[in-house]
Amino acid sequence: MHFLNPFPLHARRLHLLLAATISLQALSSLGLVQESIAQDVTFERIQLSDQFYSEGGTLGDYNGDGNGDVAVGPWIYWGPTFTSKSRFYEGEAIDPIGYSENFLMYSGDVNEDQQLDILVIGFPGKESWWFENPGKEKLQEASVLWQRHTMLESVDNESPLIADIDGDGIDDLICNSGGKMVYGSHAGQTPTALWKMTEISPERGYQRFTHGIGIGDVNNDGHQDALEKDGWWQNPGNAAPAGDHWTFHPFAFSDGGAQMFAVDLDGDGKNEVLTGTAAHGFGLAYFKSTNDEATEFEKVDIMTDQAATSPVGLAVSQLHAMALADMNGDGIVDIITGKRWWAHANGDPGSSQPATLLWLETVRQGERVHFVPHVVDNSSGVGTQITVGDVNGDGLEDIVSGIKRGAYLFLQRPADLDAHQFLVPEQAELDAFGSHPAWQVVKVGDALAPAQGDRPLNFGFESGDLQDWEARGPIASAAIQENAASSPDAAERGKYSLDTSTDAPRGIGEVISRPFLLDGERVSCWIRGPKDPEARFELISEGSGQILCSSGGGEADQWASISFDVAQWKGELVRIRVVDHSEQASIGFDEFRIHP
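Definitions and limits used
- Residues numbered from 1 in each chain as written.
- Predicted model: local features only at pLDDT ≥ 70, side-chain atom pairs only at ≥ 80, totals over all residues.
- Heavy atoms only, no water.
- Helix = DSSP H or I, 4+ residues; strand = E, 2+ residues; numbered from the N terminus.
- Rg over C-alpha atoms; globule rule 2.2 N^0.38 Å.
- Buried < 20%, exposed > 50% of the residue type's maximum accessible area, 1.4 Å probe, protein only.
- Contact = heavy atoms within 4.5 Å.
- Areas by Shrake-Rupley, 256 points an atom, 1.4 Å probe, with all protein chains shown as cover.
- Lys, Arg positive; Asp, Glu negative; His and termini not counted.
- Charge placed at Lys NZ, Arg CZ, Asp CG, Glu CD.
- Pairing = 2+ DSSP bridges.
- Axes fitted to C-alpha atoms, helices over the stretch in contact; angles between N-to-C directions.
- Salt bridge = Lys/Arg side-chain N within 4 Å of Asp/Glu carboxyl O.
- Phe/Tyr/Trp six-rings, centres within 6.5 Å; stacked < 30°, edge-to-face > 60°.
- Lys NZ or Arg CZ within 6 Å of the ring centre and 35° of its normal.
- Core = buried A, V, L, I, M, F, W, Y, C linked by side-chain atoms within 4.5 Å.
- Domains from an automatic or database assignment.
- Buried area = accessible area lost by both parts, 1.4 Å probe.
- Polar contact = N/O pair within 3.5 Å; in protein donor to acceptor, adjacent residues only side chain to side chain.
- Disulfide = S-S within 2.5 Å.

- As recorded in an unreviewed UniProt entry, the chain goes by FG-GAP repeat protein and comes from Aureliella helgolandensis.

**A look at the overall build of the chain**
Thinking step 1. A count of helices and strands for the chain gives four helices and 43 strands.
Thinking step 2. The C-alpha radius of gyration of the chain comes to 24 Å, within 12% of the 25 Å expected for a compact globule of 596 residues.
Thinking step 3. Reported as C-alpha extents along the three principal axes, the dimensions of the chain are approximately 85 × 55 × 50 Å.
Thinking step 4. Burial statistics for the chain: of 596 residues in total, 61% are counted as buried.
Thinking step 5. Pairs at least 24 residues apart make up 60% of the contacts formed inside the chain by residues separated by at least 6 positions.
Thinking step 6. Surface accessibility of the chain: about 22,300 Å² in total, with carbon and sulfur atoms responsible for 47%.
Thinking step 7. Averaged over its 39 positive side-chain charges, the chain has a centre that lies 5 Å from the centre of its 89 negative ones.

**Regarding the sheet that holds strand S2 (residues 42-49)**
Thinking step 1. Taken together, the four strands give an open sheet; going across it, the order is S2-S29-S28-S27, and neighbouring strands pair in antiparallel fashion. Of all strands in the sheet, those with a lone pairing partner are S2 and strand S27 (387-389), marking the two edges. Strand-to-strand twist across the sheet, computed as the mean angle between neighbouring axes with direction ignored, equals 20°.
Thinking step 2. Sheet topology note: the strand S28 (residues 398-403)/strand S29 (residues 406-413) ladder contains five bridges and is antiparallel. Following the sheet pairing, Ile403 is matched in S29 by Gly406.

**Focus on the pattern of salt bridges**
Thinking step 1. As enumerated under the stated definition, the model contains 29 salt bridges in all.
Thinking step 2. Of the charged contacts, one joins Arg340 and Glu55 as a salt bridge, the two residues approaching to 2.7 Å between their closest N and O atoms. Of this pair, Arg340 sits in the loop between strand S24 (334-338) and strand S25 (357-365) while Glu55 sits in the loop between S2 and strand S3 (57-60); the two residues are 285 residues apart in sequence, bridging distant segments of the chain. An identical accessibility class is assigned to Arg340 and Glu55; each is buried.
Thinking step 3. The salt bridge involving Asp468 is made with Arg455; its shortest N-O contact spans 2.9 Å.

**Here we look at the packing of aromatic side chains**
Thinking step 1. What the rule picks out here adds up to 29 aromatic pairs.
Thinking step 2. Ring centres of Phe88 and Trp146 lie 5.4 Å apart, and the angle between their planes is 55°; on these two criteria the pair is classed as tilted. In this pair, Phe88 sits in the loop between strand S6 (84-87) and strand S7 (104-109) while Trp146 sits in the loop between helix H2 (136-139) and strand S10 (147-150), placing the two residues 58 residues apart along the sequence.
Thinking step 3. In this structure Trp146 comes out as buried when scored by relative accessible area, which is 5%.
Thinking step 4. By the ring-pair criterion, three or more aromatic residues cluster together here, those being Phe459, Phe461, Trp469, Phe516, Phe537, Phe564, Phe589 and Phe592.
Thinking step 5. Taking the ring centre of Tyr99 as reference, the NZ or CZ of Lys404 above it sits at 4.3 Å.
Thinking step 6. Sitting over the ring of Trp341, Arg405 keeps its end group 4.4 Å from the ring centre.

**Brief notes about the pairing of strand S17 (residues 231-234)**
Remember that side chains alternate between the two faces of the sheet whenever the strand is regular.
Thinking step 1. As paired elements, strand S16 (residues 225-228) and S17 share three bridges and run antiparallel to each other. Of the residues in S17, the one forming a bridge with Glu228 is Gly231.
Thinking step 2. Hairpin connection of S16 to S17: two residues between the antiparallel strands.
Thinking step 3. Inspection of the sheet shows S17 paired to strand S18 (residues 247-250) by four bridges, in the antiparallel sense. Bridge pairing in S18 links Trp232 to His249.

**What about the environment of Ile162?**
Thinking step 1. Along the chain, Ile162 turns up in strand S11 (residues 156-163).
Thinking step 2. The class of Ile162 is buried, set by a relative accessible area of 2%.
Thinking step 3. Along the backbone, Ile162 and Ile215 are 53 residues apart, and their C-alpha atoms lie at a distance of 10.0 Å.

**Here's the deal with the nonpolar core**
Thinking step 1. Counting 34 residues, the largest nonpolar core has Phe516, Phe537, Leu539, Ile576 and Phe592 as its most contacted members.
Thinking step 2. Elements with a minimum of two residues in this core: strand S35 (496-499), strand S38 (522-528), strand S39 (535-541), strand S40 (547-552), strand S41 (560-565), strand S42 (573-580) and strand S43 (588-595).
Thinking step 3. Setting aside anything within four residues of it in sequence, one finds Leu539 in contact with Phe516, Leu518, Val523, Gln546, Ile547, Leu548, Cys549, Val566, Val574, Arg575, Ile576 and Phe592.
Thinking step 4. Phe103, Leu152, Val155 and Tyr183 belong to the second largest nonpolar core, which has 29 residues in total.

**A closer look at the domain arrangement of the chain**
Thinking step 1. According to the domain assignment, the chain consists of domain 1 (42-429) and domain 2 (440-595).
Thinking step 2. The C-alpha-based centres of domain 1 and domain 2 are spaced at 35 Å.
Thinking step 3. Taken together, the contacts link 20 residues of domain 1 with 20 residues of domain 2.
Thinking step 4. Surface buried jointly by domain 1 and domain 2 totals about 1,500 Å² across both partners, of which 49% is contributed by carbon and sulfur atoms.
Thinking step 5. The three residues of domain 1 that bury the most area against domain 2 are Trp342, Ser352 and Asn378, which together make up 31% of that side's buried surface.
Thinking step 6. On the surface where domain 1 and domain 2 come into contact, there are two salt bridges.
Thinking step 7. Residue Glu470 pairs with Arg45 through a salt bridge whose shortest N-O separation is 3.8 Å.
Thinking step 8. On inspection of domain 1 and its partner domain 2, the count reaches twelve residue pairs in polar contact (both at pLDDT 80 or more).

**A closer look at the state of the cysteines**
Thinking step 1. For the coordinates displayed, the defined rule picks out zero disulfides.
Thinking step 2. With no disulfide partner, Cys549 has as its closest neighbouring cysteine sulfur the one in Cys525, 7.8 Å distant.

**Concerning the environment of Val155**
Thinking step 1. As for its position among the elements, Val155 is in the loop between S10 and S11.
Thinking step 2. Given a relative accessible area of 2%, Val155 falls into the buried group.
Thinking step 3. For Val155 and Lys85, which are 70 residues apart along the polypeptide, the C-alpha to C-alpha distance reads 29 Å.
Thinking step 4. The residues contacting Val155, other than those within four sequence positions of it, are Ile121, Phe123, Pro124, Gly125, Lys126, Ser128, Pro160, Leu173, Cys175 and Asn176.

**Observations regarding the sheet that holds strand S14 (residues 196-199)**
Pairing between sheet strands relies on hydrogen bonds along the backbone, with the strands arranged either parallel or antiparallel.
Thinking step 1. In space, the four strands of this open sheet follow the order S11-S12-S13-S14, with antiparallel pairing throughout. Single-partner strands in this sheet number two, and they are S11 and S14. For this sheet, the mean inter-axis angle between neighbouring strands, taken without regard to orientation, is 25°.
Thinking step 2. Here strand S12 (residues 172-177) runs beside strand S13 (residues 180-185); their pairing, made up of five bridges, is antiparallel. Paired with Cys175 across the two strands is Val182, which belongs to S13.

What follows is the structure in structure tokens.
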């Protein structure tokens, strides 16, 4: 069985998203990073769904037509346009406050019939399966479901992985199970049978929600070792008798991250251990061995909990998914990660941050290494998995994510592609989820409104709906309210407004605007609600993720007009985010305008 590698390390160029590269000049002026040696890399953002089905995704050519496809949750989105989809297993959309039965997804030819199958690792503690590709002829039928086969009956840990840990050329399922570190393999047996489980460790109390797992050659002896938050298990290769547990080398790498790697970041020929330090908090670090046996390590922070002092100038919380790839074609592996949105609703540190997806460029200078952040998107983030691979066969790496906000594909844009051309024009024309930027403004009274062509964006909500906005969470069903005609400001605010003071159960969530050009030096809006840090309006830079201005309410029942000086960010692409993560307070928002 050979799998589509979820961690491609080969050198390919990547060119990044429509004005979504972080402002390195701004960070450099603060002395936080050095200039990137990479060309700007851009992506084309394609939102495939706004429904939550899974927190992982995968890619491959499932029907053999030569076009790459994307699978997220029970759906396959067929390339090259991704406008049509087919269900390969039963499953319905889920409230983002809850959890999916699908945590991670991989692609590979399990039964070696030359058809690409799909593997699903379910909710922690439950079964994992592979779904057998029925073949090209059957896939032409609209309603065909793929046959499901169980790999292991109980898969613990929140970040299990598919990779070849035993060196036999057949990929394995590495996880915790029954309190032990184990891997499952179908080598030498019928792949439709339960996979044979091999114990790496004795019983150590690992449980279904254990955080932190991975593989890599920690001691550089040519074997893939097993990583966990409290140390690493040394792969004996063929030297140890069958049935013996691997040797454990304790070291406190983290409080519990997600995916872990052993990878040579600084170019000295020796691998470092890379991990997030808290999957439900802040922190990303690598650990450099200080002895030949790799039993002692020096910790080097990459990202911390305070942007002002973080080595990369950013502090993104809940890095619950991570992948490796050479994103800029310089032959050096880079880090792809981001914020997991609503892992525990709004209960984790940094929960109210924008849902950022980013990659960290690995820059070597002599014997030293540092990392330069590039923001890909501020309205998606990651789930429990982020997948990198070449979807459209152009030799460039793309990003696939299944998250609580929906399903996303970020296609690399070649350097020579005109800015006004699209890789997938059908998706651009459809613009189903209002994600394409508004580059124009139109005059409205004595102010300006962001516009697409001569159509002003719906930033006064006079369409009576959420056109030009993405709504996340339960608030989506009741965010637009009719203004009282007797209100003293009714003439200025019109008929409708966005107001989260809803009677819907747990009426919380976020409403996020279409990106638009900040073509002025001041902005204004109307706002209402009691002061609460978890109920607020924000203006966010699409390129850097920086919150440019923010305000909560003041008086619960009184609307007030507020304005902000944004002259220093004129010309940037931005979004509005209206956040209500409060169980007590609410926020009203209306009539956003730009002023020259």
